Amino acid sequence: MRWLIPRWPAFQAKHPDRDIHLVAGGGAFSFNTGIYLVIRYDDFPLPDGYHAEYLFSEKVGPVCRPDNVVDWFSPAKNGMSLHTTAPRLHSRTRLSAWQTRSSVTQYPFHDNNGQTFEHFYFSLQAAVAGFGVAIGPWQLVRYDIASGVLAAPLWFVEEGSCYCLLSPYQLFPDTFQIDILSLLRAMA
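Residues numbered from 1 in each chain as written. Predicted model: local features only at pLDDT ≥ 70, side-chain atom pairs only at ≥ 80, totals over all residues. Heavy atoms only, no water.

Under the counting rule described, the total for this entry stands at four salt bridges. Asp-179 is the salt-bridge partner of Lys-14, the closest N and O atoms lying 3.5 Å from each other. Pair noted here: Lys-14 is in helix α1 (residues 4-14) and Asp-179 is in helix α6 (residues 175-185), with a separation of 165 residues, a long-range link. With a relative accessible area of 13%, Asp-179 lands in the buried category. The shortest N-O distance in the salt bridge between Glu-118 and Arg-92 comes to 3.4 Å. With Glu-118 in the loop between β6 (116-117) and α4 (120-128) and Arg-92 in the loop between β5 (88-91) and α3 (97-105), this residue pair connects regions lying 26 residues apart in the sequence. (Salt bridge = Lys/Arg side-chain N within 4 Å of Asp/Glu carboxyl O. Helix = DSSP H or I, 4+ residues; strand = E, 2+ residues; numbered from the N terminus. Buried < 20%, exposed > 50% of the residue type's maximum accessible area, 1.4 Å probe, protein only.)

Next comes the structure, spelled out in structure tokens:
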């Protein structure tokens with residue numbers, strides 16, 4: 001949403017005849033409730049009849065306050081290394097984020113029982129506040145990194161999942177659908 005909302009007025013101006021409602025949330029949904037398109041993380045089985053249009057791969061990386069980098073990371077042969085004692089921040093919505101990153105990067109995971117938050121948005125805010133190091137999705141943290149609110153001393157890696165645009169049927173190439181796909185794919 002942090003990426004989409006600033007671009008939304010131009011999109012609406014291009015399609016003034018469309019009544020579009022943006023709703024945030026996870027969990028179950030139904031196209032029978034008036035929803036036309038859904039942007040979702042692919043962490044659930046796609047129901048029969050739904051069509052998924054790939055948008056972009058999920059890339060994640062450890063993030064923290066810039067002034068904590070010197071305390072929690074140190075120079076290593078191939079860049080930086082996270083100290084085993086650095087407080088790790090966890091999220092109930094992505095409980096295996098640290099382990100997944102460890103498997104993808106072949107970098108050992110040392111869980112030091114850091115704090116766990118209900119949602120990864122909270123773990124990212126805790127990282128901003130200096131509580132520890134959180135795993136952040138690139139699409140969500142890139143503006144905080146660019147503005148200096150967060151630092152990402154290690155690299156972002158594709159962790160095997162993606163975001164998709166879901167619809168109740170295969171999209172047909174009308175101008176509206178082409179424009180929405182172009183807008184959303186520009187996030188990558």
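So, about the confidence of the model for the protein chain. Residues of the protein chain with pLDDT of at least 70 account for 95%, and the chain-wide mean is 86. The secondary structure element of the protein chain with the lowest average pLDDT is α6, at 78, and the one with the highest is helix α2 (residues 69-72), at 96. (pLDDT = per-residue confidence, 0-100.)

The pairing of strands in a sheet comes from backbone hydrogen bonds and takes either a parallel or an antiparallel form. Read across the sheet, six strands follow the order β1-β8-β2-β7-β5-β6 without closing on themselves; strand pairing throughout is mixed. Edge positions in the sheet fall to β1 (38-41) and β6, since each of these pairs with one other strand and no more. The pairing of strand β2 (residues 51-63) with strand β8 (residues 157-167) spans eight bridges and is antiparallel. Paired with Val-60 across the bridge in β8 is Val-157. (Pairing = 2+ DSSP bridges.)

Along the polypeptide, Ser-81 turns up in strand β4 (residues 79-82). What makes Ser-81 buried here is its relative accessible area of 19%. If near-sequence neighbours (up to four positions away) are discounted, Ser-81 is found in contact with Trp-72, Phe-73, Ser-74, Ala-76, Tyr-107 and Leu-154. (Contact = heavy atoms within 4.5 Å.)

Listed in full, the buried residues belonging to α4 are Phe-120, Ser-123, Leu-124, Ala-126 and Ala-127. Viewed end-on, α4 has its buried residues packed into an arc of 155°, placing them on one side of the element. In this structure, α4 carries Phe-122 and Gln-125 as exposed residues pointing more than 90 degrees from its buried face. Once α4 ends, the next one or two residues include Gly-130, with phi positive near 95°. (Arc of directions from axis to C-beta.)

Both faces of the sheet carry side chains from a regular strand, because those side chains alternate between them. Relative to β4, strand β3 (residues 73-76) is paired through four bridges, and the arrangement is antiparallel. Its bridge partner being in β4, Ser-74 is matched across the sheet by Ser-81. The hairpin turn running from β3 into β4, its antiparallel successor, is two residues long.

Attention shifts here to empty space enclosed by the protein. The final tally for this structure, using the stated rule, is two cavities of 30 Å³ or more. Here the largest cavity defines a volume of roughly 110 Å³. As for the largest cavity, its lining consists of 13 residues, and the residues nearest its centre are Leu-82, Trp-98, Arg-101, Tyr-107 and Pro-108. At four residues, α3 tops the list of elements feeding residues into the lining of the largest cavity. Here the residues of the lining of the largest cavity are counted per class, giving eight nonpolar, three polar and two charged. (1 Å grid on protein atoms, 1.4 Å probe; cavity = no way out; pocket = protein on both sides within 12 Å on 5 of 7 lines; lining within 4 Å. Points joined across faces, edges and corners; volume = space filled by probe spheres on them. Nonpolar A, V, L, I, M, F, W, Y, C, P; charged D, E, K, R; others polar.)

Right, let's talk about the packing of aromatic side chains for a bit. Tallied over the full model, the rule gives six aromatic pairs. When the centroid spacing of 5.1 Å and the interplanar angle of 65° are considered together, the rings of Trp-138 and Phe-156 count as edge-to-face. With a gap of 18 residues between them, Trp-138 in helix α5 (residues 138-146) and Phe-156 in the loop between α5 and β8 connect regions that are remote in the sequence. With a relative accessible area of 29%, Trp-138 lands in the partly exposed category. Among the aromatic residues, those joined into a ring-pair cluster are Tyr-41, Phe-56 and Tyr-163. (Phe/Tyr/Trp six-rings, centres within 6.5 Å; stacked < 30°, edge-to-face > 60°.)

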